[in-house]
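Chain by chain, the residues:
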Amino acid sequence: MTQDELKQAVAQAAADYVAANAPEGSIIGVGTGSTANFFIDALAPFKNKYRGAVASSEATRKRLEGHGITVFDLNDVDTIPVYVDGADEVDHGLNMIKGGGGALTREKIVAAVAQTFVCIADGSKLVTTMGQFPLPVEVIPMARAHVARELAKLGGTPVLREGFVTDNGNLILDVKGLRIADPKGLEAQINQITGVVTNGLFAVRPANVLLLGTTDGVRTIL
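Rules used throughout
Residues numbered from 1 in each chain as written. Predicted model: local features only at pLDDT ≥ 70, side-chain atom pairs only at ≥ 80, totals over all residues. Heavy atoms only, no water. UniProt positions renumbered as here; feature names shortened; annotations may be inferred. Buried < 20%, exposed > 50% of the residue type's maximum accessible area, 1.4 Å probe, protein only. Contact = heavy atoms within 4.5 Å. Phe/Tyr/Trp six-rings, centres within 6.5 Å; stacked < 30°, edge-to-face > 60°. Helix = DSSP H or I, 4+ residues; strand = E, 2+ residues; numbered from the N terminus. Core = buried A, V, L, I, M, F, W, Y, C linked by side-chain atoms within 4.5 Å. Salt bridge = Lys/Arg side-chain N within 4 Å of Asp/Glu carboxyl O. Arc of directions from axis to C-beta.

Trainee: What is the right way to read the UniProt feature "active site" (unreviewed entry) in the chain from this model?
Mentor: Listed under "active site" (unreviewed entry) in the UniProt record, and renumbered for this structure, are Glu 107. Residue classification places Glu 107 among the buried positions, given a relative accessible area of 3%. Sequence-distant contacts of Glu 107, that is, excluding residues within four places in its chain, are made with Thr 32, Ser 56, Tyr 83, Asp 85, Lys 98, Gly 99 and Phe 202.

Trainee: I'm lost on the packing of aromatic side chains in this one. Help?
Mentor: The description of an aromatic ring pair uses the distance of the two centres, along with the angle that the planes make with each other. Counted under the stated rule, the structure contains 2 aromatic pairs. Each ring, one from Tyr 83 and one from Phe 117, has its centre 4.9 Å from the other, and the planes form 50°; the classification is tilted. Here the residue Tyr 83 occupies a position in strand S4 (residues 80-85), and Phe 117 occupies one in strand S7 (residues 114-122), the gap between them amounting to 34 residues. Taking relative accessible area as the criterion, Tyr 83 reaches 0% and is therefore assigned buried. According to the relative accessible area criterion, Phe 117 is buried, its value standing at 0%. With 6.4 Å between their ring centres and 80° between their planes, Phe 117 and Phe 202 make a pair best called edge-to-face. Placement of Phe 117 in strand S7 and of Phe 202 in strand S12 (residues 201-202) is noted, with a sequence separation of 85 residues between them. Residue Phe 117 shares its accessibility class with Phe 202, and that shared class is buried.

Trainee: I'm lost on the nonpolar core in this one. Help?
Mentor: Soluble globular proteins: nonpolar side chains tend toward being buried together. Membership of the largest hydrophobic core comes to 23 residues, with the highest contact counts inside it found for Val 18, Val 30, Phe 39, Leu 64, Val 84, Val 118 and Ile 120. Broken down by element, this core gets its largest block of residues, 5 residues, from helix H1 (residues 3-21). The residues contacting Val 18, other than those within four sequence positions of it, are Ile 28, Phe 39, Leu 43, Tyr 50, Val 82 and Val 84. Grouped together as the second largest cluster of nonpolar side chains are 21 residues, Tyr 83, Leu 94, Ala 111 and Ile 221 included.

Trainee: In this structure, what is going on with the pattern of salt bridges? I would like to understand it.
Mentor: Side-chain pairs of opposite charge can arise where the charged atoms are in close proximity. Enumeration over the complete set of coordinates arrives at 10 salt bridges. Across the salt bridge formed by Glu 150 and Lys 153, the nearest N and O atoms sit 3.0 Å from each other. In this pair, Glu 150 and Lys 153 are both assigned in helix H5 (residues 144-153), 3 residues apart and thus about one turn of the helix distant. On the basis of relative accessible area, Glu 150 is assigned to the partly exposed category, the value being 24%. Lys 153 gets classed as exposed once you look at its relative accessible area, which sits at 63%. Through salt bridges that share partners, Glu 58, Arg 61, Glu 65 and Arg 106 make up one connected network.

Trainee: Help me understand helix H6 (residues 183-191) in this model?
Mentor: Residues that lie three or four places apart on an α-helix share one face, since the helix turns once every 3.6 residues. When H6 is considered as a whole, its buried residues turn out to be Pro 183, Leu 186, Glu 187 and Ile 190. For H6, the arc enclosing every buried residue in end-on projection is 105°, short of the 170-degree limit, so these residues lie on one face. As for H6, its buried residues are in contact with helix H4 (104-113), strand S8 (135-139), H5, strand S11 (196-199) and S12.

Trainee: Would you mind going over unusual backbone geometry with me for this structure?
Mentor: A negative phi angle is the norm for most residues apart from glycine, just as the trans form is the norm for most peptide bonds. A positive phi angle, near 65°, is found at Leu 94, a position not held by glycine. Looking at where Leu 94 falls in the secondary structure, it is placed in the loop between strand S5 (89-90) and strand S6 (96-97).

As structure tokens, then:
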């Protein structure tokens, strides 16, 4: 199977999971990225079962609305039973690196509200120790150089994501060369650097369920 076929398989499994676990009339949280896009397409046939969705990015909002799915502002939503999103890396504790698409801050906010976080990924994303994928860090523009110096002290090599601005008007530093043995501790440490909005480690709030696309089918890891 190609990588896209694996993504389509986990996206369909996620749509089935939502259909089975999200109450009728609820609002679904939807992430950002190529795998999340497949999920949106798979969710569309069930759209009349739900009130709508909360989108973690402008790109996701547009794709949802293109399918006729109502998109709500998170401030108008009290609860989200299920949030579905992909990951750039995920370990066996269901900690993740996210933010390859640059939507890490909004993704983290939606995840904080959700009762259940379902991560969807192809088998190549499952790792023993995270860090091969550069860790995205969203920063206030005026703090870019300061934050980069502080990140370098942690042993990484921060690289500005050229020509990219987040939906929040900020910049992304992609930190290469980290070996992340303590995801929760490193997430908290980076977030304490003045000028950091947030970083792409999802360990304080990891996934609850991982739907992993493999050549032998979709595995469910709890």
